[in-house]
Amino acid sequence: MDILIKKGHIIDPANKVDENLDILIADGKIVKIGKQGTISPSGAEVVDAAGKLVVPGLIDMHAHLREPGYEYKETIATGTAAARAGGFTSVCCMPNTNPVNDNRAVTEFILAQAGSASARVFPVGAITKGSTGEELAEMGELFSAGCHAISDDGKPVMNASVMRRAMEYSKIFDMLVISHCEDRALSGKGVMNEGVVSTELGLRGIPRSAEDVMTARDISLSELTGCRLHIAHVSTAGSVRLIRDAKARGVKVTAETCPHYFSLTEEAVRGYNTMAKMNPPLRTADDVAAIKQGLKDGTLDVVATDHAPHALDEKSGEFDYAPFGIVGLETALGLTLKLVDEGILSLTEAIRRLSVNPALILKLNKGMLAVGADADVTIIDPKAEWIVDAAQFRSKARNTPFDGWKLKGRAELTIVGGKI
Ligand SMILES: [Zn+2]
Ligand SMILES: [Zn+2]
């Protein structure tokens, strides 16, 4: 079925388009873009997008879909349903499944499951076998099976020499190396940001240096090897500074942050709120300000979710023992649009961070609305005011600190490959 999206406000930063146009979709591709009322195909399903934003489908560079191995937390089916509800047409899934995605069989399993999923899935392969940080995974095999990037996310690669070799090999396949920056010797058994609040609550702290030391190391290794490095979930002012400096010197580094790092501070942990426990941890108001500045000046290229579903009984235990992480696919767009209201990002720059830049960094032929491109399109109602209700999530999981938040702006329709 052909689809005609009429009267929408198209924001397509890659092609510098910011105007009201109609779009015709056929056979999963965008086939025509024209002035309003100039496209009149017979028999197309018409989507009236008056008053709505029509943008290239959102791409989440960083999610945990938990399958295989932890299907009680999330599956590829439920995770991509959550993605689609949140406006994401593509999702990269991290390899810390069971078994770890460190070989062809796991990548192929994920892609097979993704065949019937609600959004496109791009598996990220592991850097080391079992993500234990010791022996490199078979990168060529992961690449030919369909991985565009590698990461041991959830853990750092603590041995700098192993990371150096991974970066050298990654260049052969031009695979992106995504780094979870955490020096385990510094983070230790910490459960929240180290500072006044952790002292008051009597919880073990994770200093900001645990992140910054590793960001500095991996920038240095990227400089040494010429590898394309992407820093995951930046949470500190120090890391923003290091990345800004590296970019100015021409290092091939890109970076993402997540909505929680610009929406919340460590204060959210008070009351031993396990929904505010994530890794890296929520930081201080100074860090939040630096993250916002980093997004504004382009130091931070991407907003990713780090969607990390957990079962409620896991999260309802004692703070020390609750797992790290929150879900994010269904709240990321609304939280990012708050930055537009605050004047931190223009709408165009917000879409750049949610779609255009992830596509460029991952070298996916996406993130734009050009004729001939895949018909991955998100239609956003920018005025829709809504209350986050975790009970209504399409995700299996409910672990969010944003339950009950009032947000403005929501994905109204997410089209993946020309399918509504
Ligand atoms: Zn991580
Ligand atoms: Zn992660």
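Predicted, not measured: the structure shown is a model, and the values here were computed from it.

The helix and strand tally for the protein stands at 13 helices and 17 strands. Since a compact globule built from 420 residues should have a radius of gyration of about 22 Å, the 21 Å found for the protein is in line with a globular shape. Principal-axis analysis of the C-alpha atoms places the extent of the protein at approximately 65 × 45 × 45 Å. Out of the 420 residues belonging to the protein, those deemed buried represent 60%. Accessible surface, the protein as shown: approximately 15,700 Å² in total, 50% of it carbon and sulfur. For the protein, the distance from the average site of its 47 positive side-chain charges to the average site of its 54 negative ones is 3 Å.

Protein ligation of the zinc ion (ligand 1) involves Asp153 (OD), His180 (ND1) and His233 (NE2), the donor distances falling in the range 2.0 to 2.1 Å. Each donor residue of the zinc ion (ligand 1) lies on the same chain, and together they follow the pattern D-x26-H-x52-H. In this structure, the zinc ion (ligand 1) lies 3.5 Å from the zinc ion (ligand 2), and both are coordinated by aspartate 153. Taken together, the residues span a long stretch of sequence, with histidine 180 in the loop between strand S10 (176-179) and helix H5 (184-187) and histidine 233 in the loop between strand S13 (229-231) and helix H8 (237-248) at a distance of 53 residues. Judged by relative accessible area, histidine 233 falls into the buried class, the value being 1%.

Quick look at the packing of H8 against helix H10 (residues 285-297) now. At their nearest, the axes of H8 and H10 sit 8 Å apart, and the two run at 25° to each other. In terms of their interaxial angle, H8 and H10 are classed as roughly parallel. Across from Ala237, Val240 and Arg244 in H8, the residues of H10 making contact are Asp287, Ala290, Ile291, Gln293, Gly294 and Asp297. Residues that form the contact of H8 with H10 fall into these classes: four nonpolar, two polar and three charged.

Here we come to unusual backbone geometry. The amide bond that connects asparagine 98 to the next residue, proline 99, takes the cis arrangement and shows omega of 5°. A positive phi is found at lysine 16, a non-glycine position, where the angle reads about 55°. For lysine 16, the location among the structural elements is in the loop between strand S1 (3-12) and strand S2 (17-26). What makes lysine 16 exposed here is its relative accessible area of 78%. For tyrosine 272, which is not glycine, the phi torsion reads 55° and is therefore positive. Summarising the element assignment, tyrosine 272 is placed in the loop between helix H9 (259-263) and H10. Relative accessible area serves as the criterion here: at 40%, tyrosine 272 is assigned to the partly exposed category.

With that settled, consider the environment of proline 323. Tracing the chain through its elements places proline 323 in the loop between helix H11 (312-315) and helix H12 (332-341). In this structure, the C-alpha to C-alpha distance between proline 323 and threonine 274, residues 49 residues apart in sequence, is 8.3 Å. Not counting chain neighbours up to four residues away, the residues in contact with proline 323 comprise Lys277, His310, Glu314 and Lys315.

Let's shift gears to the sheet that holds strand S7 (residues 88-93). Pairing is parallel across the open sheet formed by eight strands, whose spatial order is S6-S7-S8-S9-S10-S13-S14-S15. With partners counted over all chains shown, the strands left at the sheet margins are strand S6 (58-63) and strand S15 (302-303), one partner each. Here four bridges tie S7 to strand S8 (residues 120-125), and the two strands are oriented parallel to one another. Pairing of valine 91 across the sheet is with valine 121, part of S8. Of the strands in this sheet, strand S9 (149-150), S10 and S13 are in contact with helix H4 (residues 160-173), which crosses S10 at around 150°.

With that out of the way, let us pick up the side chain of lysine 366. Along the polypeptide, lysine 366 turns up in the loop between helix H13 (347-362) and strand S16 (377-387). In this structure the side chain of lysine 366 is engaged in a polar contact, spanning 2.8 Å, whose partner is the side chain of aspartate 374. There is a polar contact of 3.0 Å between the side chain of lysine 366 and the side chain of aspartate 376. Excluding residues within four positions of it along the chain, lysine 366 makes contact with Ile59, Ser90, Arg120, Phe122, Ala359, Asp374 and Asp376.

Definitions and limits used
- Position labels on residues start from 1 in each chain and follow its written sequence.
- Working convention: letters from A go to chains and numbers from 1 go to ligands, in the order in which they are written.
- Residues qualify for local features only when their pLDDT is at least 70, as the model is predicted, and side-chain atom pairs are given and counted only at 80 or more; totals for whole chains, interfaces and linings, by contrast, use all residues.
- Side-chain calculation: all heavy atoms of the structure are included, whereas hydrogens and water are not.
- Secondary structure elements are taken from DSSP: a helix is a run of H or I of four residues or more, a strand is a run of E of two residues or more, and numbering for both begins at the N terminus.
- Put simply, the radius of gyration uses C-alpha atoms, and a globule should come to 2.2 Å times the residue count raised to 0.38.
- Residue burial is assigned from relative accessible area. The probe radius is 1.4 Å, only protein chains are included, and a residue is buried under 20% of its type maximum, exposed over 50%, and partly exposed in between.
- Calculation of accessible area relied on Shrake-Rupley with a 1.4 Å probe; when residues are assessed, cover is drawn exclusively from the protein chains displayed.
- In this tally, Lys and Arg are treated as positive and Asp and Glu as negative; His is ignored, and so are the chain termini.
- We put the charge of a Lys on NZ, of an Arg on CZ, of an Asp on CG and of a Glu on CD.
- Note on donors: an N, O or S atom is included if it sits within 2.8 Å of the metal, or within 3.2 Å for Na, K and Ca, and water is never included, so sites can look incomplete.
- Angles here are taken between N-to-C directions and fall from 0 to 180 degrees, while the axes themselves are lines fitted to C-alpha atoms, restricted in helices to the stretch in contact.
- Oblique is the label for every angle not falling under 35 degrees (roughly parallel), over 145 degrees (roughly antiparallel), or within 65 to 115 degrees (roughly perpendicular).
- Contacts are assigned to residue pairs with any non-hydrogen atoms lying within 4.5 Å of each other.
- Residues are grouped as follows: Ala, Val, Leu, Ile, Met, Phe, Trp, Tyr, Cys and Pro are nonpolar; Asp, Glu, Lys and Arg are charged; every other residue, Gly included, is polar.
- The pairing criterion is simple: DSSP has to find at least two bridges between the two strands.
- Think of a polar contact as two N or O atoms within 3.5 Å of one another; within protein, one of them needs to be a possible hydrogen donor and the other a possible acceptor, and neighboring residues in sequence only count if both atoms come from side chains.

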